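Remarks on the overall topology
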2 protein chains.
Amino acid sequence: MPETTTVSLAGAIAVDLIAVLVAVVNGSPSVLTVQNGDALPSGPFEDAHRSLQTGLRIWVEEQTHHPLGYVEQLYTFADRDRSAAGSSQRVISISYLGLTRETRGEVGWRSWYDYFPWEDHRDGPPVVIAEHLVPRLRDWAQAGGTAALPEERWRRCAFAFGLDGAAWNEELVLQRYELLYEAALVPERVRETGGQSDATRISGRAMTGDHRRILATGIARLRAKIKYRPVVFELMQPAFTLLQLQRAVEALAGRLVHKQNFRRLIEQQELVEETGVTTSDTGGRPAKLFRFRHAVLAERAAAGTKLPLTRA
Amino acid sequence: MPETTTVSLAGAIAVDLIAVLVAVVNGSPSVLTVQNGDALPSGPFEDAHRSLQTGLRIWVEEQTHHPLGYVEQLYTFADRDRSAAGSSQRVISISYLGLTRETRGEVGWRSWYDYFPWEDHRDGPPVVIAEHLVPRLRDWAQAGGTAALPEERWRRCAFAFGLDGAAWNEELVLQRYELLYEAALVPERVRETGGQSDATRISGRAMTGDHRRILATGIARLRAKIKYRPVVFELMQPAFTLLQLQRAVEALAGRLVHKQNFRRLIEQQELVEETGVTTSDTGGRPAKLFRFRHAVLAERAAAGTKLPLTRA
DNA sequence: CTTTCTTATACTCCATATGAGCATAAATCC
DNA sequence: GGATTTATGCTCATATGGAGTATAAGAAAG
């Protein structure tokens, strides 16, 4: 195998950057969208950019006027069916997850639960699962021909959605979406995009191309990451109460955590320090305001905010 | 922002696939190399390939005649300095981690500790750290000009290499390499590649371009992954003793684990099942042979082999 | 054939982490 | 001033993980 790089043969190859930009807006975990919520922001990777990461930063800040905090690469796609039909053009899509402190109430931010209604378990399991998804998934499993296929299909569903005694695992965002895709329960499967169709309430808002799959990838990555890296703080204001921090974590994870244990965890890991100020804006007894101890970033690369989950 | 994809402007863009192919050969965690150990196998992404992953599988199996087990994307690079000097060609490098059961004693497999001698702590901290790396890192830190920079540099070194009371963290493979790179302690920094220079014993074997950085990324990813996903089994023969399994984990992690606790962990997670056969090839009391319970892949996507680490 | 060595395997012990809940404190709202 | 709400401190039971002791079963040495 030669070490020299090689010019690709047929057709030009274009490189696109796609961003999953996350902020917590009014307690909702939100993602920046364009085209009236139908797509994630994306743009060509310009030859002028020094690197992918800087390319992304430059144009996100150009487009959104937001300072971009934490950035991490998600995945690179180049599946053939991503190309525009009839075109010989091959598109490489490199997706990124970015965290930012949303400030002004700008347009384009949408709760990610608009796109994944079944992912929000903060008020218990969403009714849409038992009411609509389970029956349809069961039908799909049953339609799995002969032999072991129906059982196999249903086992996957039960595992992904926490049915039949299995516990809900909030990190399986992508698996759940791909299951629904496979079962043809999302409109992307049949190329009809967006719209306010009746099905939106069941299958969530659709997106262009595979943007919703990319979004699912980003959510899954973030839900996993908050458990072992102090990334939540990238989404917080400089000073915050512990309950505000907890609400942010809960918004991302889509489930509630035990209040006292959450405080214990944060404090014993020394992730925060008191500012000396308290606020009464929260109602009830005034809460101390904390700030993130930036020192921990250097101290412990592996430090993290584990979730003290409430057992089902 | 337009949703349509865009043709890049100046120069063509080529896409390269780079593989970090891992196997455990005679107890050594090994990686498949080409060019006499100077480079990782890589090749152009052909337009004919259906997707990146299949593109990689096809050509790895073409080149190595190895069945490729677990495959996962590592990272996509496009830094400007990766391009050949003088060329306007832009190269996107998409790297993958692949696990395989090496069988015949073929050429090209090399212990990854040839490239990262400081990463093998199975017999305690390698002397090269205290003998050679620490003094040079200290010099580099000291040379950090005025103010807080020297302290800051040294803090990073101490954290990455587990000095000054910090614990050794085997997952920080990439951080360590990048620190050595920054301190100009690896030959890649000055573009002189390969060779059996005296420095190899200290800074490890070098590689072409940023291949060693990609290898470091792969090792780090794998060391993290074995703790929460049952991927070690991809590297094992169909039947194995628990000690063989433990040795494989230790080879990858570069550190020893507590034998009894390792067994407890594996068994209580029901990752394996007895074959009913025992072997006396191990010396001492015959050991039961086990096989991986493939069912767990379906049962628990989040199942894993956590390391019962020995405390320093 | 007994001793010795080596590896396999079964248990015990203890410190810490984590899920869960009770109790009290300090504000606001009527 | 009592009800309500949020903040915060503390206890308890259990699970988990690091570490060590003890015993079993084979091969090799003598």
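About the cut-offs
- Residues numbered from 1 in each chain as written.
- Chains lettered and ligands numbered in written order.
- Predicted model: local features only at pLDDT ≥ 70, side-chain atom pairs only at ≥ 80, totals over all residues.
- Heavy atoms only, no water.
- Helix = DSSP H or I, 4+ residues; strand = E, 2+ residues; numbered from the N terminus.
- Buried < 20%, exposed > 50% of the residue type's maximum accessible area, 1.4 Å probe, protein only.
- Contact = heavy atoms within 4.5 Å.
- Areas by Shrake-Rupley, 256 points an atom, 1.4 Å probe, with all protein chains shown as cover.
- Salt bridge = Lys/Arg side-chain N within 4 Å of Asp/Glu carboxyl O.
- Expected span 1.5 Å × (residues − 1).
- Polar contact = N/O pair within 3.5 Å; in protein donor to acceptor, adjacent residues only side chain to side chain.
- Axes fitted to C-alpha atoms, helices over the stretch in contact; angles between N-to-C directions.
- Parallel < 35°, antiparallel > 145°, perpendicular 65-115°, else oblique.
- Left-handed = near helix turned anticlockwise from the far one by under 90°.
- Nonpolar A, V, L, I, M, F, W, Y, C, P; charged D, E, K, R; others polar.
- pLDDT = per-residue confidence, 0-100.
- Phe/Tyr/Trp six-rings, centres within 6.5 Å; stacked < 30°, edge-to-face > 60°.
- Arc of directions from axis to C-beta.

**Quick word on the overall build of chain A**
Check the secondary structure of chain A and you find 9 helices and 8 strands. Buried positions account for 52% of the 312 residues belonging to chain A. Relative to all contacts within chain A whose residues are 6 or more apart in sequence, the contacts with residues 24 or more apart total 65%. Split by element, the accessible area of chain A, about 14,500 Å² in all, is 51% carbon and sulfur.

**Considering the pattern of salt bridges**
If you walk through the whole model with that rule in mind, you get 32 salt bridges over all chains. Through salt bridges that share partners, Glu170(A), Glu171(A), Lys227(A) and Arg255(A) make up one connected network.

**Remarks on the environment of Arg189(B)**
Residue and element names in this part refer to chain B. Within the secondary structure, Arg189 sits in the loop between helix H4 (173-182) and helix H5 (200-203). With 21 residues separating them along the chain, Arg189 and Asp210 place their C-alpha atoms 9.7 Å apart. Leaving out residues up to four positions away in the same chain, Arg189 has contacts with Tyr181, Glu182, Ala183 and Ala184.

**Observations concerning unusual backbone geometry**
Residue and element names in this part refer to chain B. We note that Asn26 has phi near 50°; this positive angle belongs to a residue other than glycine. With respect to the helices, strands and loops of the structure, Asn26 is situated in the loop between strand S1 (13-25) and strand S2 (28-32). Its identity is not glycine, yet Gln35 carries a phi of approximately 50°, on the positive side. By the secondary structure assignment, Gln35 is in the loop between S2 and strand S3 (42-44).

**With respect to helix H7 (residues 242-253) of chain B**
The periodicity of an α-helix, 3.6 residues per turn, causes residues three or four places apart in sequence to face the same way. Residues and elements named next belong to chain B. The end-to-end C-alpha distance of H7 is 16 Å, a good match for the 16 Å that 12 residues give at a rise of 1.5 Å each. In terms of burial, H7 is a largely internal element, 9 of the 12 residues being buried. Within H7, burial applies to Leu242, Leu245, Gln246, Ala248, Val249, Glu250, Ala251, Leu252 and Ala253. In this fold, the buried residues of H7 make contact with S1, S2, helix H6 (211-225), helix H8 (259-268), strand S7 (272-279) and strand S8 (287-292). Following H7 by one or two positions, Gly254 adopts a phi angle in the positive range, close to 75°.

**Some points on the environment of Arg122(A)**
All names here are of chain A. Relative to the helices and strands, Arg122 resides in the loop between strand S6 (109-111) and helix H2 (127-142). Separated by 134 residues in the primary sequence, Arg122 and Leu256 have C-alpha atoms spaced 5.4 Å apart. Every residue in contact with Arg122, bar those within four places of it in the chain, is listed here: Gly27, Pro29, Tyr113, Glu250, Ala251, Gly254, Arg255 and Leu256. Among the polar contacts made by the side chain of Arg122, one reaches the side chain of Asp120 at a distance of 3.0 Å.

**Comments concerning the packing of H2(A) against helix H3 (residues 149-161) of chain A**
Packed helices, taken two at a time, are described by the angle their axes make and the gap between the axes. Residue and element names in this part refer to chain A. Viewed as axis vectors pointing N to C, H2 and H3 meet at an angle of 155°, and their least axial separation amounts to 8 Å. With respect to H3, the axis of H2 lies roughly antiparallel. Regarding H2 and H3, the two cross each other, and that crossing is right-handed. Between H2 and H3, the contacting residues are Ile129, Leu133, Val134, Leu137, Arg138, Trp140, Ala141 and Gln142 on the first element and Pro150, Arg153, Trp154, Arg156, Cys157 and Phe161 on the second. Among the residues making up the contact of H2 with H3, the classes are represented as 10 nonpolar, 1 polar and 3 charged.

**What to know about the confidence of the model for chain A**
On average, residues of chain A carry a pLDDT of 83, and 82% of them reach 70 or more. Note on residues 1-10 of chain A: pLDDT under 50 across the span, and 21 contacts to partners over four residues away in sequence or across chains.

**So, the packing of aromatic side chains**
Aromatic ring pairs: the centre-centre distance and the angle between the two ring planes describe each pair. Following the criterion strictly, the structure yields 14 aromatic pairs over all chains and no others. For the ring pair Tyr75(A) and Phe77(A), a centre distance of 5.3 Å and an interplane angle of 55° mean the geometry is tilted. For Tyr75(A), a relative accessible area of 28% corresponds to the partly exposed category. Plain terms: the ring middles of Tyr177(B) and Tyr181(B) are 6.3 Å apart, the flat faces sit at 50° to each other, and that makes the pair tilted. Placement of both Tyr177(B) and Tyr181(B) in helix H4 is noted, with a separation of 4 residues, approximately one turn of the helix.

**Side note on the side chain of Glu72(B)**
Residue and element names in this part refer to chain B. Note that Glu72 resides in strand S4 (residues 71-77). Judged by its relative accessible area of 9%, Glu72 is buried. A polar side-chain atom of Glu72 sits 2.5 Å from a polar atom in the side chain of Tyr70. A polar contact is formed between the side chain of Glu72 and the side chain of Arg221, at a distance of 2.6 Å.

**Considerations on helix H4 (residues 173-182) of chain A**
All names here are of chain A. By the burial criterion, the buried members of H4 are Val173, Arg176, Tyr177, Leu179 and Leu180. Considered in projection along H4, the buried side chains sweep an arc of 160° and stay on one side of the axis. Next to the buried residues of H4 lie H2, H3 and helix H6 (211-225). Where H4 terminates, the next one or two residues include Ala184, which has phi positive at roughly 60°.

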